[in-house]
Amino acid sequence: MAQYLLDSLWLVPCYALIGGLLAVPWSPGIIRKTGPRPAGYVNLVMTFLSFLHAVIALNATWNQPPQEIFIPWLSTAGLDLTITLELSSVSVGAIAVITGLNFLAQIFAIGYMEMDWGWGRFFSLLGLFEAGLCALVLCNNLFFSYVILEILTLGTYLLVGLWFSQPLVVSGARDAFLTKRVGDLFLLMGVLGLWPLAKTWNYTELATWATTADVNPTVITLVGLALIAGPMGKCAQFPLHLWLDEAMEGPVPSTILRNSVVVASGAWVLVKLQPVLTLSPVVSSAMIAIGAVTAVGASLIAIAQIDIKRCLSYSVSAYMGLVFIAVGVKQDEAALLLVLTHALAAALLVMSTGGIIWNSITQDVTQLGGLWKRRPISGLAFIVGTLGLIGFPPLGSFWALFKLADALWTTQKGLVVVVIAVNVLTAFSLTREFCLIFGGKSTQMTERSPEAHWPMTLPMIILLGFVLHIPLVLQSLSLLPDWATLNKDVALLLIWSSVFGCSLSGVIYLSNIPKPIRLPWKGLQDLLANDFYTPRIYRLTIIFSVYQISKFADMIDRFVVDGIVNLVGLFSLLGGEGLKYSTSGQTQSYALTVLLGIGFLGMWVTWPFWKLQFLNLGF
């Protein structure tokens, strides 16, 4: 049974796609008598089937070599576009995580969007998203991975813009789409540039080719930089990180997936391409630099945010920056473990704050407070999510951060400092958010803010239990290090950095220190609060340049292209008007016109001969 489900694992994306298609009739109101709720239930059933299929198939593939399924599609003129699916423990496990989180997010959405008019469309898009993510995990071909990433970019635009009657939502969806398209455009260049070098897009064949590849260093550097641009956009890395902040305008249930598994789509492609990317030391250094800048910068920016969603979104960018560092130093296992533990903890954090957004007037954390007595389940979920995201043993992210820091301990101590700094800042930021929301005294905004109803609380409790038990899961899968060989120095650094970050934040935000906290230098505080002025830099550089180029192109079109066309039309009009008066009906006038034309034509043709005769005569 398990082997059969493994061989038919390609059906899992189809389940989600069928669920999304079945929900479509409720979107434009084709089916009205039942209301839109069946759209969510149909999608929920198909997602549960996907999750069940993946979990059972995982038993058949554990400790077994990867299998490949080939689906011929197009083969012509030396170009072979065969859809290759890889069935391995990692890919099947990733599908189980994707479908499981999507299943919980859909239950959460049933409660969150209970009276929303976009119910059918929302669940249709969730089905599309799930199908795309599962197909990306199974796909073992770079070209088709790019196609799937483009579909996910479109899905992001549609989900963020679900409430399109609100101006901020429209601008947020547009900005998120255009920012990700920048990375996708460079990724396409890299995909096309890689083909003449490797003659394949298959990830397995690319890894084999990379072991003996002899390519021009400049060429592989340019191709590698183009290839990492796509994951930069998907993982919200500097300077393509603003889309995740803008995407927070979308519904909270979609944010659960966006902050957990959608951003991981870029990390998945990055890990798959790691053998090719490490052919160029420049590309590896670029990944490390981008990851370090984003990890530290986003962690600092998160501390200065006052919107609930944005406090969490910058932490997502920071941890994806650590994934970039892990891939840059060839620590693929650490990168995948970090993606897994981050996805679960980040989803739990979004769920715990989603209920507050649902029945509160404001999302400003400085106007909240005292919710621990009114929302103990949400508060407990936030605590577990925070501890599961930072280096706090024995929860999941401790082992992921430990694996990365331990690998860097003897070779690149500077990057260990980056990992520890990100851990401290993340612990400080999340504790700050917890204290502002759940600590202190109640405010006018939180006097009437009870715990959310069961469709939103149930998935949060289930995910809370899984985050607590993930160390046991990792232990059963032999993914934890041996206690006898554990690097005590790295472990203690992670533990004490977590304790320091949480304690410092707790002392500041639970004490009587006047709020908001002011830094000694106002310029630094403004720098963090304004996202290092990245939006302003965008406006002064890219947006200004595109605007000026557009104005110049418009001027060329109006005055040059249209001018030439209008000039030709004017001459035609004048010529027609002139010929109108020469139409007299007299034969001798027509004959004279013909003779004059022939005469001028003859003079023009014989002019070189006459010119030579004049020169011979001395004129």
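Just so we're clear, the structure is a prediction, and the values are computed from it rather than from any experiment.

### Quick notes on the packing of helix H17 (residues 376–389) against helix H20 (residues 454–476)
Packing of H17 against H20 brings their axes to within 10 Å, and their N-to-C directions diverge by 35°. Here H17 and H20 pass one another in a crossing that is left-handed. Here H17 contributes Ile377, Ser378, Leu380, Ala381, Val384 and Gly388 to the contact with H20, which in turn contributes Thr457, Met460, Ile461, Leu464, Val467 and Leu468. By residue class, the composition of the contact of H17 with H20 is nine nonpolar, three polar and no charged.

### Here we look at the domain arrangement of the chain
Considered domain by domain, the chain is made up of domain 1 (1–140), domain 2 (163–279) and domain 3 (307–517). Domain 1 and domain 2 are separated by 21 Å when their C-alpha centres are compared. Both faces combined, the contact of domain 1 with domain 2 buries some 2000 Å², and carbon together with sulfur accounts for 74% of it. Per-residue buried area on domain 1 facing domain 2 is highest for Tyr112, Leu136 and Asn140; these three make up 23% of the total on that side. At the surface where domain 1 touches domain 2, the tally comes to one salt bridge. Two residues, Lys272 and Glu86, come together in a salt bridge whose shortest N-O distance is 2.8 Å. At the boundary of domain 1 with domain 2, the tally comes to four residue pairs in polar contact (both at pLDDT 80 or more). Within the residue set of the side of domain 1 that touches domain 2, elements represented by two or more residues are strand S2 (79–87), helix H4 (89–112) and helix H5 (119–138). Sort the elements by how many residues they give to the side of domain 1 that touches domain 2 and H4 lands first, with ten residues. Split by residue class, the side of domain 1 that touches domain 2 holds 19 nonpolar, five polar and five charged.

### A short note on H4
Side chains of residues three or four places apart in an α-helix project in the same direction, reflecting 3.6 residues per turn. The terminal C-alpha atoms of H4 lie 34 Å apart, and with 24 residues this matches the ideal 34 Å at 1.5 Å per residue to within 8%. Counting buried positions along H4 yields 22 of 24 residues, so the element is predominantly enclosed.

### Section: unusual backbone geometry
The linkage connecting Phe238 with the following residue, Pro239, adopts the cis geometry, with an omega of 5°. Structurally, Pro239 is set in the loop between helix H9 (217–234) and helix H10 (242–246). Residue Pro394 is reached from Pro393 by a cis peptide bond, and omega for that bond is 5°. Residue placement: Pro394 occurs in the loop between H17 and helix H18 (396–408). The phi torsion at Lys199 lies on the positive side, around 60°, for a residue other than glycine. Structurally, Lys199 is set in the loop between helix H7 (167–198) and helix H8 (203–212). Even without a glycine there, the phi angle at Ala236 is positive, about 55°. Counting through the fold element by element, Ala236 comes out in the loop between H9 and H10.

### Things to note about the pattern of salt bridges
Following the criterion strictly, the structure yields five salt bridges and no others. Measuring nitrogen to oxygen at the nearest pair gives 3.4 Å for the salt bridge that ties Lys234 to Asp184. Placement of Lys234 in helix H9 and of Asp184 in helix H7 is noted, with a sequence separation of 50 residues between them. Accessibility expressed as a relative area gives 3% for Lys234, which makes it buried. Judged by its relative accessible area of 0%, Asp184 is buried. A salt bridge links Asp554 to Arg558; the shortest N-O distance between them is 2.8 Å.

### Brief notes about the environment of Glu249
Along the chain, Glu249 falls in the loop between H10 and helix H11 (252–262). Glu249 sits 89 residues away from Val160 along the chain, and the two C-alpha atoms are 6.3 Å apart. Discounting chain neighbours no more than four positions away, the residues touching Glu249 are Val160, Trp163, Leu168, Val169 and Arg310.

### Regarding the nonpolar core
If you look at the biggest cluster of nonpolar residues, it comprises 182 residues, and the most contacted ones within it are Leu227, Leu322 and Leu463. No other element matches helix H19 (residues 413–438), which puts 16 residues into this core. Apart from residues lying up to four places away in sequence, Leu227 is in contact with Leu142, Leu187, Gly190, Val191, Leu194, Leu273, Val276 and Leu277.

### Regarding the packing of aromatic side chains
On inspection of all chains with the given rule, the structure shows 14 aromatic pairs. Where Tyr157 meets Phe177, the ring centres are 5.3 Å apart and the plane angle is 55°; that geometry is what we call tilted. Of this pair, Tyr157 sits in helix H6 (residues 142–160) while Phe177 sits in helix H7, and the two are 20 residues apart along the sequence. Residue Tyr157 is classed as partly exposed on the basis of its relative accessible area, which comes to 35%. Residue Phe177 is classed as partly exposed on the basis of its relative accessible area of 26%. Aromatic ring contacts, followed pair by pair, group Phe143, Phe144, Trp195 and Trp201 into a single cluster.

### A short note on H11
Taken across its eleven residues, H11 has eleven buried, putting it largely inside the fold. Val252, Pro253, Ser254, Thr255, Ile256, Leu257, Arg258, Asn259, Ser260, Val261 and Val262 are the residues of H11 that are buried.

### Side note on the packing of helix H12 (residues 264–272) against helix H16 (residues 332–358)
With their axes 11 Å apart at the nearest point, H12 and H16 run at an angle of 165° to one another. Taken together, the axis directions place H12 and H16 in an arrangement best described as roughly antiparallel. The element H12 and its partner H16 pack so that their crossing is left-handed. When H12 is examined against H16, the residues Ala264, Ala267, Trp268 and Val271 are found in contact with a partner set consisting of Asp332, Ala335, Leu336 and Val339. Looking at the contact of H12 with H16 residue by residue, the class counts come to seven nonpolar, no polar and one charged.

Analysis parameters
Residue numbers run consecutively from 1 along every chain, following the written order of its sequence. Per-residue local features are limited, in this predicted model, to residues with pLDDT of at least 70; the limit for side-chain atom pairs, both in listing and counting, is 80 or more; totals at the level of whole chains, interfaces and linings are taken over all residues. Only hydrogens and water are set aside; all other atoms, that is, all heavy atoms of the structure, feed into the side-chain values. Interaxial angles span 0 to 180 degrees and are taken between N-to-C directions of axes, which are lines fitted to C-alpha atoms, for helices over the stretch in contact. The helix count covers DSSP runs of H or I at least four residues long, the strand count covers runs of E at least two residues long, and both are numbered beginning at the N terminus. Two helices crossing with the near one rotated counterclockwise from the far one by less than a right angle form a left-handed crossing, whereas a clockwise rotation gives a right-handed crossing. Only heavy atoms matter for contacts: two residues are in contact if any of them lie within 4.5 Å across the pair. Residues are grouped as follows: nonpolar covers Ala, Val, Leu, Ile, Met, Phe, Trp, Tyr, Cys and Pro; charged covers Asp, Glu, Lys and Arg; every other residue, Gly included, is treated as polar. Residue ranges for the domains originate in an automatic or database domain assignment. What gets called buried area is simply the loss in accessible area from a 1.4 Å probe that two parts show on being joined, summed for both. One speaks of a salt bridge when a side-chain nitrogen belonging to Lys or Arg is within 4 Å of a carboxyl oxygen belonging to Asp or Glu. N or O atoms closer than or at 3.5 Å make up a polar contact, with two conditions inside protein: a donor-capable atom paired with an acceptor-capable one, and, for residues adjacent in sequence, both atoms drawn from side chains. Residue count minus one, scaled by 1.5 Å, sets the expected span of a helix. Burial status follows relative accessibility: with a 1.4 Å probe on protein chains alone, a residue under 20% of its type maximum counts as buried, one over 50% as exposed, and anything between as partly exposed. As used here, the term nonpolar core means buried Ala, Val, Leu, Ile, Met, Phe, Trp, Tyr and Cys residues forming a set that is joined through side-chain atoms within 4.5 Å. Any pair of Phe, Tyr and Trp rings, taking the six-membered ring for Trp, is counted once the centres come within 6.5 Å. Such a pair is stacked with planes under 30 degrees apart, edge-to-face with planes over 60 apart, and tilted for the rest. What sets the label is the angle itself: under 35 degrees gives roughly parallel, over 145 gives roughly antiparallel, 65 to 115 gives roughly perpendicular, and the rest give oblique.

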